[in-house]
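# Examination of the molecular architecture
Residues per chain are reported as follows:
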Amino acid sequence: MLGRLYRLFAVLLCFTTLDTVAQSAGDRPVYTSEWGHLYRTENNKMDLLGIFPTEAPVYVLDSTKTQYKVQVSNGDIGFIMKQPLQRAMFGKRSAGEPAQYFYRGTQGSQCPHFFVQVSELRVRKAPDVSSTAVRRARLNELVCIDYFPLYTDGWVYVGDHFHERPEFIQAKFLGAELTYDKVLKEYLKVKGKDQKQEILWVGRLREIAWNDDKKLKQALTFWKESFENAGLQDPKVDIDFELYLADRFQVRPAFDVVEKQVTSLRMHFDWKGLLLYDGKITESQMKQLQMQKVSVIPDMPECGWEPVYYYRSDNNIVAFEENVKGKVFGSVYQVTLSNELALWMGEERIDMNYDEKEFVKHFGHLVSTDWIGAPHVYRIPDGDAGLFMITFENGKAVRYECMFYC
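Before going into details, it helps to say that this report is about the structure given with it. Small disclaimer: the values here were computed from a predicted structure and weren't measured. Along each chain, residues carry numbers from 1 onward, in the same order as the chain's sequence is written. Predicted model: local features are reported for residues with pLDDT of at least 70 only, side-chain atom pairs are reported and counted for 80 or more only, and whole-chain, interface and lining totals are derived from all residues. Note that water and hydrogens are dropped before the side-chain values are worked out from all heavy atoms of the structure.

The next point concerns the overall build of the protein. In terms of regular secondary structure, the protein is built from eight helices and 26 strands. Accessibility here uses a 1.4 Å probe with only protein chains present; expressed as a share of the type maximum, an area under 20% marks a residue as buried, one over 50% as exposed, and anything in between as partly exposed. Looking at the protein as a whole, 44% of its 406 residues qualify as buried. It only takes one pair of heavy atoms within 4.5 Å for two residues to be counted as in contact. The long-range fraction of contacts in the protein, counting pairs at least 24 apart against all pairs at least 6 apart in sequence, stands at 53%. Under the convention used here, a 1.4 Å probe and the Shrake-Rupley method define accessible areas, while residue burial counts only the protein chains that appear. When the accessible surface of the protein is summed, it comes to about 22200 Å², and 51% of that surface belongs to carbon and sulfur atoms. Numbering of helices and strands runs from the N terminus; a helix is a DSSP stretch of H or I covering at least four residues, while a strand is a stretch of E covering at least two.

Next up, the structure:
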């Protein structure tokens, strides 16, 4: 009986109606149980500030007989109609929630979200254009929102849930997900007619095409043509190299063929004359290399792989784990390539002097890359559970890393 009472009390806490008590500074938000509007002034439903979805986080500042005075995630302060306020979220929606503001995806279970409509959008630390830019959002990046302003140049909050790492984007730069065909259509409308708009749309076309090998060469060709016709240069874009990459991606084989070809390369390391093969690296080899044994590597993910301890030197990490028979095996986790430390892939010795274009020539059909978010970082599949990553800077190989999927 006592257990039932405790459970009932917990349920009641989740649906507390805050009639008179405002929340104290530092409190966590409470959550609406229904979608609704934020009004600028008390008892004036004609003066709308914004709209919020079901289970929007709000901070209660005051209460009247029919309304709460609240602050929403972007800092707007106004009034909402009284409704049960929850202490927790349950992933529910209320009837009539407008999809034009709170689209939840084809499955209906995602967070309410929009997509970034422009390239390299500055994400701010505060809802002000003079605030510090904390990063740049990508074209078509999905951002979850819990409040949408209905006035000109309003901001939405897109940071972490409890505002420990705040991020804001202006609402006017958000909209429906863009497709390659839609962006291509807009580009062709202005091509040769409006140079400023042509450059804008071809930039978006190039960025969105980096997610689609089949469209990539066409988009890059348009990009080169539009910039040359306009007599413009973008110092951040080596379009000829990108076209070279696109050519190599056109001949990428099926995944099972890629996997076999990567295995046949027998990737291993030549480290001061020692040949190190994944899974066969020994403690005695680490001692020969004068690596220091440590128990923990800060911030190292352990996703699908649980090393027991590690060896490291400056910028280099080898991780060890024990199997059931007590044998100890090592895997190179991260290294900075040098003259004395090189990665062998087939007949290619990749050290600090190895040219990026040579790498693409030999292995471009086996790799993938997030060129917009992390250019010059090439990912090679490690079976179906992980990746090898090789990074180039100024046209030369600098770093190798491995990772496992969660």
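Having seen the model, we can carry on.
The next subject is the pairing of strand β26 (residues 396-404). The sheet contact formed by strand β21 (residues 328-336) and β26 spans three bridges and is antiparallel. The partner of V335 across the bridge, within β26, is Y400. Across eight bridges, strand β25 (residues 386-393) lies against β26 in antiparallel orientation. Across the sheet, the residue bridging to F388 is C402, located in β26. The turn joining β25 and β26, which pair antiparallel and follow one another in sequence, is formed by two residues; a positive phi near 50 degrees is taken by N394. In this scheme, strands are said to pair when DSSP sees at least two bridges between them.

Turning to the pattern of salt bridges, a few remarks are in order. Here, a salt bridge means any Lys or Arg side-chain nitrogen found within 4 Å of an Asp or Glu carboxyl oxygen. Counting across every chain of the model gives 19 salt bridges. The salt bridge partner of R135 is E167, with a shortest N-O separation of 3.1 Å. Here the residue R135 occupies a position in strand β10 (residues 133-137), and E167 occupies one in the loop between β13 (155-157) and β14 (168-170), the gap between them amounting to 32 residues. We classify R135 as partly exposed; its relative accessible area is 27%. Overall, E167 belongs to the buried group, its relative accessible area being 16%. Two residues, D213 and R252, come together in a salt bridge whose shortest N-O distance is 2.2 Å. Here the residue D213 occupies a position in helix α4 (residues 213-230), and R252 occupies one in the loop between α5 (239-249) and α6 (255-264), the gap between them amounting to 39 residues.

Positive phi, normally seen in glycine, also occurs at N43, with a value near 60 degrees. Examined against the element boundaries, N43 turns out to sit in the loop between β2 (36-39) and β3 (48-52). Classification of N43 by relative accessible area gives exposed; the value is 54%. Phi at H163 is positive, roughly 60 degrees, even though this residue is not glycine. Here H163 lies in the loop between β13 and β14.

Take the layout of surface pockets next. Its volume calculated, the largest pocket comes out at about 900 Å³. The dominant element in the lining of the largest pocket, judged by the number of residues it contributes, is helix α3 (residues 195-209), at six residues. Across the lining of the largest pocket, the residue classes break down as twelve nonpolar, six polar and 14 charged. In the cavity and pocket records, a cavity denotes points on a 1 Å grid over the protein atoms alone where a 1.4 Å probe fits but cannot get out, a pocket denotes an open set with protein on both sides within 12 Å along at least 5 of 7 lines, and lining residues are residues with an atom within 4 Å of a point. Grid points are joined across faces, edges and corners, and a volume is the space filled by probe spheres set on the points. Its boundaries defined by the atoms lining it, the second largest pocket holds a volume of some 390 Å³. Together, 17 residues line the second largest pocket, and T263, R266, M267, D278 and F388 are the ones closest to its centre. Listed by contribution, the elements that provide at least two residues to the lining of the second largest pocket are α6, β16 (268-271) and β24 (377-382). Here the lining of the second largest pocket gets three residues from one element, more than from any other, and that element is α6. In this classification, Asp, Glu, Lys and Arg are treated as charged, Ala, Val, Leu, Ile, Met, Phe, Trp, Tyr, Cys and Pro as nonpolar, and every other residue, Gly included, as polar. Of the residues assigned to the lining of the second largest pocket, the class counts are ten nonpolar, three polar and four charged.

Only the stretch in contact is used when fitting a helix axis, every axis being a line fitted to C-alpha atoms; angles between N-to-C directions are given from 0 to 180 degrees. Where helix α2 (residues 180-190) contacts α3, the two axes come as close as 9 Å, and the packing angle between them is 160 degrees. With respect to α3, the axis of α2 lies roughly antiparallel. The handedness of the crossing between α2 and α3 is left-handed. Of α3, the residues touching α2 (which contributes Y180, V183, L184, E186, Y187 and V190) are Q197, E198, W201, V202, R204, L205, I208 and A209. Broken down by class, the residue content of the contact of α2 with α3 amounts to ten nonpolar, one polar and three charged. Angles are sorted into four bins: roughly parallel if under 35 degrees, roughly antiparallel if over 145, roughly perpendicular if 65 to 115, and oblique for all others. Each crossing gets its handedness from the near helix: less than a right angle anticlockwise from the far helix is left-handed, clockwise is right-handed.

This part covers the sheet that holds strand β11 (residues 142-144). Spatial ordering of the open sheet is given by β11-β8-β15, a layout of three strands whose pairing is antiparallel. In the strand order of this sheet, the two ends are held by β11 and β15 (174-175), each with one partner.

This model, assessed by the stated rule, comprises one cavity of 30 Å³ or more. Of the voids in this model, the largest cavity is the one considered here, and its volume is about 40 Å³. If you trace the largest cavity, you find it lined by P29, P57, Y59, S73, D146, Y157, H161 and H163. Taken together, the residues that form the lining of the largest cavity break down as four nonpolar, three polar and one charged.

So, about the sheet that holds strand β23 (residues 348-350). Overall, antiparallel pairing links the four strands, which are arranged β17-β16-β22-β23 in an open sheet. Two strands close off the open sheet at either side, each with one partner strand: β17 (274-277) and β23. In this sheet, adjacent strand axes meet at a mean angle of 30 degrees when their direction is disregarded. Inspection of the sheet shows strand β22 (residues 341-345) paired to β23 by three bridges, in the antiparallel sense.

A rise of 1.5 Å per residue sets the reference length of α4, with its 18 residues, at 26 Å; its end C-alpha atoms lie 26 Å apart and thus fit the reference within 8%. Burial in α4 covers these residues: L216, A219, L220, F222, W223, S226, F227 and A230. All buried residues of α4 lie within an arc of 165 degrees about the axis, which places them on one face of the element. For α4, the exposed residues lying more than 90 degrees away from the buried face are K214, E228 and N229. As for α4, its buried residues are in contact with α2, α3 and α5. Capping the start of α4 is the job of one residue whose side-chain oxygen sits 3.0 Å from the backbone nitrogen of K214: D212. Where α4 terminates, the next one or two residues include G231, which has phi positive at roughly 65 degrees. By definition here, a helix of n residues has an expected span of 1.5 Å times n minus one. As used here, the arc belongs to the directions running from the helix axis to the C-beta atoms. Polar contact is defined as a pair of N or O atoms within 3.5 Å, subject to the rule that within protein one atom must be able to donate a hydrogen and the other to accept it, and that residues adjacent in sequence are counted only when both atoms are side-chain atoms.

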